[in-house]
Amino acid sequence: MAADRAGAPPRAWQRMLSGRRLDLLDPSPLDIEISDIAHGLARVARWNGQTSGEHAFSVAQHSLLVEAIFCELMPEAAPGHKLAALLHDAPEYVIGDMISPFKAVMGGSYKECEHRLQRAIHLRFALPAETPALLKKDIKRADQIAAYFEATRLAGFSTAEATQFFGRPRGFSADRLDLAPRPVTWAQKAFIDRFTAIESQLKG
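It should be emphasised that the depicted structure is a prediction, and the values quoted were computed from it without experimental measurement. (Residues numbered from 1 in each chain as written. Predicted model: local features only at pLDDT ≥ 70, side-chain atom pairs only at ≥ 80, totals over all residues. Heavy atoms only, no water.)

> Explain the packing of helix α2 (residues 59-73) against helix α9 (residues 184-203) residue by residue, including any values.
Axis separation between α2 and α9 bottoms out at 9 Å; the angle between their running directions is 40°. Here α2 and α9 pass one another in a crossing that is left-handed. Together, Ala 60, Gln 61, Ser 63, Leu 64, Glu 67 and Cys 71 of α2 and Trp 186, Ala 187, Ala 190, Phe 191, Arg 194 and Ile 198 of α9 make up the contact between the two elements. Tallied by class, residues from the contact of α2 with α9 come to eight nonpolar, two polar and two charged. (Axes fitted to C-alpha atoms, helices over the stretch in contact; angles between N-to-C directions. Helix = DSSP H or I, 4+ residues; strand = E, 2+ residues; numbered from the N terminus. Left-handed = near helix turned anticlockwise from the far one by under 90°. Contact = heavy atoms within 4.5 Å. Nonpolar A, V, L, I, M, F, W, Y, C, P; charged D, E, K, R; others polar.)

Shown next as structure tokens:
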């Protein structure tokens, strides 16, 4: 980022609509709000926007899809595990949804920033800073299933291509999944509503 004024260090924070100023180099859980996350994710397009439909398929919708698949895979999952699944891509409300090939080009700096944000987000919502390995594996499986169906139904991948990159899901049908790209306001509200429902389970 450009310096704020001559001789000043580059600005490394972003102002959110909630009024928070989130430091990207040292993000504080106190500067993270679910309203900002929902707002941002609903406006970030999956697949760099290269999807069919009148609307982009947002990261908010993808997050809802992954959490729904995770709940099918793990019907006895604890509320905290469902929340971790819903928030698995939450850092993208700040850094955007960078496609995997570009992440490979960027190298470690992107992953470090993403990891710092994920830790702060988890702490903000009373989750472990580091996702346990087994839970991470289960969320990743749900993520791969979602990616396969998004790729074949929305992003123009052939079945063979999607199988090569994401594996072919077993026991899942796209007909059972909500893959219709929705307006931004719908995705934002749906994300908040699901977060609120899981939060009520945590408090219950």
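> Residues and numbers for the nonpolar core, please.
Counting 55 residues, the largest nonpolar core has Ile 37, Ile 69, Leu 87, Tyr 93, Phe 125 and Phe 191 as its most contacted members. For this core, the secondary-structure elements that each account for two or more residues are α1 (34-41), α2, α3 (79-86), α4 (92-95), α6 (108-124), α7 (133-153) and α9. In contact with Leu 87, other than residues within four places in its own chain, are Ile 34, Gln 118, Ile 121, Phe 125, Leu 127 and Phe 191. (Core = buried A, V, L, I, M, F, W, Y, C linked by side-chain atoms within 4.5 Å. Buried < 20%, exposed > 50% of the residue type's maximum accessible area, 1.4 Å probe, protein only.)

> Tell me about the packing of α7 against helix α8 (residues 159-166), and please be specific about residues and values.
Two numbers describe how α7 lies on α8: the axes approach to 9 Å, and their chain directions differ by 160°. In terms of axis orientation, α7 runs roughly antiparallel to α8. For α7 against α8, the interelement crossing comes out right-handed. For the pair α7 and α8, contact is made by Gln 144, Ala 147, Tyr 148, Ala 151 and Thr 152 and by Thr 159, Ala 162, Thr 163, Phe 165 and Phe 166, respectively. The residue inventory of the contact of α7 with α8, partitioned by class, reads six nonpolar, four polar and no charged. (Parallel < 35°, antiparallel > 145°, perpendicular 65-115°, else oblique.)

> Describe the side chain of Asp 138, listing the residues and the values that go with them.
Take Asp 138: it is sitting in helix α7. Despite its burial, Asp 138 pairs with no opposite charge; the closest candidate is Arg 141, at 5.8 Å N-O. If sequence neighbours within four positions are ignored, Asp 138 has contacts with Phe 70, Leu 73 and Met 74. (Lys, Arg positive; Asp, Glu negative; His and termini not counted. Salt bridge = Lys/Arg side-chain N within 4 Å of Asp/Glu carboxyl O.)

> Please give an account of the packing of aromatic side chains that cites residues and values.
Enumeration according to the criterion identifies seven aromatic pairs in this entry. Ring plane angle 70° and centroid distance 5.2 Å describe the contact between Phe 125 and Phe 195, whose orientation is recorded as edge-to-face. Highlighted residues: Phe 125 in the loop between α6 and α7 and Phe 195 in helix α9, separated in sequence by 70 residues. When its relative accessible area of 10% is taken as the criterion, Phe 125 is described as buried. Its relative accessible area of 5% is what places Phe 195 among the buried residues. Ring-pair connections join several aromatic residues into one group, and the members of that group are Trp 47, Phe 157, Phe 165 and Phe 166. The ring of Trp 13 is capped by Arg 21, whose NZ or CZ atom sits 4.1 Å from the centre of that ring. One cation-aromatic arrangement involves Arg 182 over Trp 186; the distance from NZ or CZ to the ring centre is 4.8 Å. (Phe/Tyr/Trp six-rings, centres within 6.5 Å; stacked < 30°, edge-to-face > 60°. Lys NZ or Arg CZ within 6 Å of the ring centre and 35° of its normal.)

> A description of the pattern of salt bridges should follow, citing residues and the corresponding values.
All chains considered together, the criterion is met by ten salt bridges. The salt bridge involving Glu 114 is made with Lys 111; its shortest N-O contact spans 2.9 Å. In this pair, Glu 114 and Lys 111 are both assigned in helix α6, three residues apart and thus about one turn of the helix distant. Judged by relative accessible area, Lys 111 falls into the partly exposed class, the value being 44%. In this structure, Lys 189 engages Asp 193 in a salt bridge whose closest nitrogen and oxygen atoms are separated by 2.7 Å. Remark: Asp 193 and Lys 189 occur in helix α9; sequence separation between them is four residues, near one turn of the helix. Asp 193 gets classed as partly exposed once you look at its relative accessible area, which sits at 39%. One network of salt bridges, with partners in common, ties together Arg 20, Glu 33 and Arg 124.

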